[in-house]
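# Summary of the model geometry
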Amino acid sequence: MNIGPYSFEEYCDLVKGFHGYPAPGVLIGGYMVAAAQRQLPPGTLYDAVCETRSCLPDAIQLLTLCSVGNGWLRVLPFGRYALSLYDKYTGEGWRIFVDPEKLEAWPEIKTWFFKLKPKKEQDTPKLFREIEAAGDSICSLEPIQMQPQFLVRRSTGTIALCPSCKEAYPAADGCLCRACQGEAPYVAAVSQPSLD
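All figures in this text were calculated on a predicted structure; none of them were measured in a lab.

### A few points about the overall build of the chain
- The helix and strand tally for the chain stands at 6 helices and 7 strands.
- The order of α-helices and β-strands along the chain, N terminus first, is α-α-β-α-β-β-β-α-α-β-β-β-α.
- Within the span of the chain, comprising 196 residues, buried residues form 41% of the whole.
- Put simply, 63% of the contacts in the chain that link residues at least 6 apart link residues at least 24 apart.
- A total of about 11,600 Å² of accessible surface is found on the chain, and carbon and sulfur atoms cover 56% of it.
- Looking at charge distribution, the chain has the averaged site of its 19 positive side-chain charges lying 4 Å from that of its 22 negative ones.

### Looking at the pattern of salt bridges
- Evaluated as defined, the whole model comprises 7 salt bridges.
- Here glutamate 142 and arginine 95 are joined by a salt bridge, their closest N and O atoms 3.0 Å apart. Here arginine 95 lies in strand 4 (residues 92-98) and glutamate 142 lies in strand 5 (residues 139-145), a separation of 47 residues in the sequence.
- Classification of arginine 95 by relative accessible area gives buried; the value is 11%.
- A salt bridge links lysine 110 to glutamate 104, with the nearest nitrogen and oxygen atoms 2.8 Å apart.
- Classification of lysine 110 as partly exposed rests on a relative accessible area of 24%.
- Among the residues examined, glutamate 104 registers a relative accessible area of 54% and is labelled exposed.
- Ionic contacts of the salt-bridge type, sharing partners, join the residues Glu51, Arg80, Arg95 and Glu142 into one network.

About the cut-offs
- Residues numbered from 1 in each chain as written.
- Predicted model: local features only at pLDDT ≥ 70, side-chain atom pairs only at ≥ 80, totals over all residues.
- Heavy atoms only, no water.
- Helix = DSSP H or I, 4+ residues; strand = E, 2+ residues; numbered from the N terminus.
- Buried < 20%, exposed > 50% of the residue type's maximum accessible area, 1.4 Å probe, protein only.
- Contact = heavy atoms within 4.5 Å.
- Areas by Shrake-Rupley, 256 points an atom, 1.4 Å probe, with all protein chains shown as cover.
- Lys, Arg positive; Asp, Glu negative; His and termini not counted.
- Charge placed at Lys NZ, Arg CZ, Asp CG, Glu CD.
- Salt bridge = Lys/Arg side-chain N within 4 Å of Asp/Glu carboxyl O.

Structure below.
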């Protein structure tokens, strides 16, 4: 079964080049994205919402024009293996998710999905064969209408210069950039190497 325009093998190679290795989650995600795309009318401009940070966002970015960078993909920290593709203007779309009830026929996928064995004990070749054979049959689709806040185009607005670090930032964040307000994910190093 193809994944969008790719054979399973071609998609595995694509995933390896983008994700680092052909992760089962990105492979299953490819089938999920392709199934949701088939539900949308041809020519629909759509956005995506992903309900997990693990693997699935990469499948969306590989197979659609939606990416975190262009703002057409939002990743929510729900931890559910689900994604939605929806019309940018009307909010009408489709949500697809791995359906636990449909995993009974696929023991290796079930073992991987529920982490029933450590990764090193899983039968990876069998897992890949099951993923290819199962395709999107392990998923369920449902029509959705997105909440209005997901249809609003976000903009950074006015840009200001932070008086503390002297870097540009969105003025809407306050009188200091968010990093200087204490949200930086790092501590400055003692010595700073030159970029020259």
